[in-house]
Structure formats: structure tokens, C-alpha cells
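Residues per chain are reported as follows:
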Amino acid sequence: MKLVIAMVQPHKLPDIKQELYKNEIYKMTVTNVLGAGQQKGFTEIYRGVPTEVKLLKKVRLEIAVNEQFVEPTIGAIKKGARTGKIGDGKIFVMDLARCIRIRTGEEGEEAIG
């Protein structure tokens, strides 16, 4: 079992979800987050005053998958999120030691679904 975490552009979320659904990956957690990476933010002018924005809006996807879904999940996120420009995001893949479905008490691969 693996936990796939992706930090992506918010406007790319519909494209990523569409690619995930094509690969029969439906279960995910989505969180709005702020962060800084290689983009390093930008400067905007608000009411005539320059303001530096160092933390940019991103979306964090967390998807727990069984081994056979790891590569399809990564591929779907890459395909849906890629613009070819700086700031497309990052994908992290971590081992998932344990998963428990609270409703039924199932554990492991059965709990992920």
C-alpha cells in the first residue's frame, strides 16, 4: 500500500480528477494549501502599493492506493497537472504502513478499496 501526495495548481484539479477517473481511481482527499517552491511568489499592486506574495495557492491531493494502482495514479496526476511551465507541482509516494476502514474494521488492501 502506498500514499500518493501531490501538490498541484488549483485550476488543474478538474483535469487531474478526469484522468484519475479514467484509471478507476475515485477515492481521494483534496485540501487547499499555501506554499512556495521554485516559483518564489510574485509581486502585485493593491491600491497603488506593491505587495509581495510569497506563498502561492496550491491543492494537495492525498490518495491511498494498493500496489497495482501506484503507477496509474502517478501517470494520471502527471497527465492532468502538466502545463510544461514552472509551478506544475510535485508528487510524493510514501509507504503506507496500515489502513483501517472504521465502519467495517477491515484492514490493509481491503480497507483501501
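Because the structure is predicted, anything quoted here is derived from the model rather than measured.

Here is what the cut-offs are and how they apply
Residues numbered from 1 in each chain as written. Predicted model: local features only at pLDDT ≥ 70, side-chain atom pairs only at ≥ 80, totals over all residues. Heavy atoms only, no water. Helix = DSSP H or I, 4+ residues; strand = E, 2+ residues; numbered from the N terminus. Pairing = 2+ DSSP bridges. Axes fitted to C-alpha atoms, helices over the stretch in contact; angles between N-to-C directions. Contact = heavy atoms within 4.5 Å. Buried < 20%, exposed > 50% of the residue type's maximum accessible area, 1.4 Å probe, protein only. Core = buried A, V, L, I, M, F, W, Y, C linked by side-chain atoms within 4.5 Å. Salt bridge = Lys/Arg side-chain N within 4 Å of Asp/Glu carboxyl O. Polar contact = N/O pair within 3.5 Å; in protein donor to acceptor, adjacent residues only side chain to side chain.

Observations concerning unusual backbone geometry
Part 1 of the reasoning: Of note in this structure, E24 is not a glycine but carries a positive phi near 60 degrees.
Part 2 of the reasoning: Structurally, E24 can be placed in the loop between α1 (13-22) and β2 (29-35).

Brief notes about the sheet that holds strand β1 (residues 2-8)
Part 1 of the reasoning: Read across the sheet, four strands follow the order β2-β5-β1-β6 without closing on themselves; strand pairing throughout is antiparallel. The sheet terminates laterally at β2 and β6 (89-95), the two strands that pair on one side only. Along the sheet, successive strands turn relative to each other by an average axial angle of 20 degrees, direction set aside.
Part 2 of the reasoning: Two elements, β1 and strand β5 (residues 56-65), share seven bridges in a ladder whose sense is antiparallel. When the sheet's bridge partners are listed, V8 is paired in β5 with V59.
Part 3 of the reasoning: Lying on the sheet, α1 is in contact with β1, β2 and β5; it crosses β5 at an angle near 15 degrees.

A closer look at the pairing of β1
Part 1 of the reasoning: Burial within β1 is extensive, with six of its seven residues counted as buried.
Part 2 of the reasoning: Here seven bridges tie β1 to β6, and the two strands are oriented antiparallel to one another. Note on β6: the bridge partner recorded for L3 is M94.

What about the nonpolar core?
Part 1 of the reasoning: In this structure, V8, I16, L20, I63 and I77 are the most contacted members of the largest nonpolar core, which totals 16 residues.
Part 2 of the reasoning: When residues of this core are assigned to their parent elements, the largest contribution, five residues, is made by helix α2 (residues 70-81).
Part 3 of the reasoning: Excluding anything up to four places from it in sequence, I63 contacts K2, L3, V4, L20, I25, K27, M28, T73 and I77.

Some thoughts on the pattern of salt bridges
Pairs can form between side chains of opposite charge whenever their charged atoms are close.
Part 1 of the reasoning: Overall, the coordinates contain seven salt bridges when judged by the stated rule.
Part 2 of the reasoning: Across the salt bridge formed by E19 and K22, the nearest N and O atoms sit 3.3 Å from each other. Remark: K22 and E19 occur in helix α1; sequence separation between them is three residues, near one turn of the helix.
Part 3 of the reasoning: The class of E19 is buried, set by a relative accessible area of 11%.
Part 4 of the reasoning: Classification of K22 as exposed rests on a relative accessible area of 56%.

Quick notes on the side chain of K12
Part 1 of the reasoning: Within the secondary structure, K12 sits in the loop between β1 and α1.
Part 2 of the reasoning: K12 sits in the buried class, given a relative accessible area of 12%.
Part 3 of the reasoning: Within polar-contact distance, the side chain of K12 engages the side chain of D15 at 3.0 Å.
Part 4 of the reasoning: In this view, K12 contacts G80, A81, R82 and T83; residues no more than four positions away in its chain are not counted.

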